[in-house]
Amino acid sequence: MLRKVFYMTCLLTLSVMGMIGMSQCSAASDAPKQAPRPELIMVDGPGMANVNAWKHGVLNGGWMTPKGDLHMDISGFDYKFGVYKQGEPDNFRWHKDRFYFAGWQNSPNRDERFDLCFSEEPCIKDAEGNVMITLLEMWHEKRSIYMKVKYPNSEEVVVRELRQAKDIAE
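Residues numbered from 1 in each chain as written. Predicted model: local features only at pLDDT ≥ 70, side-chain atom pairs only at ≥ 80, totals over all residues. Heavy atoms only, no water.

**Student:** Just checking my understanding: could you explain the overall build of the chain for this structure?
**Tutor:** Check the secondary structure of the chain and you find 2 helices and 10 strands. Listed N to C, the secondary structure of the chain is α-α-β-β-β-β-β-β-β-β-β-β in terms of helices and strands. Across the 170 residues that make up the chain, the buried fraction comes to 27%. Partitioning the contacts of the chain with sequence separation of at least 6, the portion at a separation of at least 24 is 39%. For the chain, the computed accessible surface area is about 12,100 Å², with 58% contributed by carbon and sulfur atoms. (Helix = DSSP H or I, 4+ residues; strand = E, 2+ residues; numbered from the N terminus. Buried < 20%, exposed > 50% of the residue type's maximum accessible area, 1.4 Å probe, protein only. Contact = heavy atoms within 4.5 Å. Areas by Shrake-Rupley, 256 points an atom, 1.4 Å probe, with all protein chains shown as cover.)

Next up, the structure:
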């Protein structure tokens, strides 16, 4: 029933739009011939544009530390974070999750820091269930992703830098 109502509403809208267009055409036939001018139509209201869309272009792809022990693949808001461990399948242990942008960081400057926020604290565990690494914080700044991580055998918080392969100098 709801589908029929929706379908009828669409048909009614299209027919009304057609009648408006026809009345404009008949009025235009009386006037001298002029090239049609496009009219601007607002589809979304103010604030509906995604001011952070450019960040996905910067972030999407593979990221790694120069040593190759940490790896991250980003696609949209999805990320896959991997830690190298000898003996694991493909020698990496992975964690998949999503991130979001901090709402107050809307600068279009690609060199300024912008945070990649989590809804929970991601950690990677080995096959036995032991924590290998905990990801506390992550941000992008000047063509690098920085992350604060904590290893289980240390109380110290370490900042690690990930770069895209094309930006890592041998």
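Having seen the model, we can carry on.
**Student:** What's the story with the packing of aromatic side chains in this structure? I'm lost.
**Tutor:** Centre distance and the angle of the planes are the two values used to describe a pair of aromatic rings. Applying the stated rule across the entire model yields 8 aromatic pairs. Where phenylalanine 99 meets phenylalanine 101, the ring centres are 5.6 Å apart and the plane angle is 75°; that geometry is what we call edge-to-face. Of the two residues, phenylalanine 99 and phenylalanine 101, neither departs from the other in class, the shared state being buried. Sitting over the ring of phenylalanine 101, lysine 55 keeps its end group 5.0 Å from the ring centre. Against the face of tryptophan 94 rests lysine 80, its NZ or CZ located 4.5 Å from the ring centre. (Phe/Tyr/Trp six-rings, centres within 6.5 Å; stacked < 30°, edge-to-face > 60°. Lys NZ or Arg CZ within 6 Å of the ring centre and 35° of its normal.)

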